[in-house]
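Overview (structure and organization)
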Amino acid sequence: MGVFGCSAGGAMTLMTLVELKRRGLELPAAAIASSVPSIGDSIVGPRVTWPSFESARSGRDAFFTAGWVDKFIQVLYSEPQYGYREAFKRTADGLDDLPPVMITVGSEEFLVSTAKAVADRIQELGGEVVYREHAGMQHCPQLYFPHFPEASTCLQEMADFYVSNVR
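Residues numbered from 1 in each chain as written. Predicted model: local features only at pLDDT ≥ 70, side-chain atom pairs only at ≥ 80, totals over all residues. Heavy atoms only, no water.

Going through the model one piece at a time under the given rule, you end up with six salt bridges. Here K116 and D120 are joined by a salt bridge, their closest N and O atoms 2.8 Å apart. Of this pair, K116 and D120 both sit in helix α6 (residues 112-124), separated by four residues, roughly a single helical turn. For K116, a relative accessible area of 36% corresponds to the partly exposed category. Given the relative accessible area of 23%, D120 is considered partly exposed. Note that E124 is salt-bridged to R121, the shortest N-O span being 3.8 Å. You can see E124 and its partner R121 sitting in helix α6, three residues apart, about one turn around the helix. (Salt bridge = Lys/Arg side-chain N within 4 Å of Asp/Glu carboxyl O. Helix = DSSP H or I, 4+ residues; strand = E, 2+ residues; numbered from the N terminus. Buried < 20%, exposed > 50% of the residue type's maximum accessible area, 1.4 Å probe, protein only.)

Looking now at the confidence of the model for the protein. With 72% of its residues at a pLDDT of 70 or more, the protein has an overall mean of 80. Across the protein, the element-wise mean pLDDT spans from 50 in helix α2 (residues 41-44) up to 96 in strand β2 (residues 30-34). The model gives residues 44-53 a pLDDT under 50, and that stretch makes 28 contacts with residues more than four places away or in other chains. (pLDDT = per-residue confidence, 0-100. Contact = heavy atoms within 4.5 Å.)

Take a look at the structure:
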């Protein structure tokens, strides 16, 4: 069995792995997290800062506008009743001893730096991680299938990763 999530689902994929491990339950054989966000210093540690959002503010990212990004930050940082900080902190502290993880991201989306930082953090902790940044693509690059060949490539790489790790 494997687990997959895109965008917020990518973060939930990592949260699920960490929570299963914390509870002593069987982990899936592999996980794929596409366009996974990190919340400032919470998933990847204090050395990584939130990205500049240049792609959202410039209009290059078709999914996100500057206004949406600003609201997103406000909710995640200013509204503790939702418990995001605590959940992401638990995830950050548990990124070791995970099954193989693939992280995919589009090079033109505002989450590119955080997705890379999460991949780097898993690797620093001794985990097996495959990071794929798809040139010219935006948020959740596989969603653009069949319209862009890069999306087809992304889906094929995800399938290959899954097949090679799930038996």
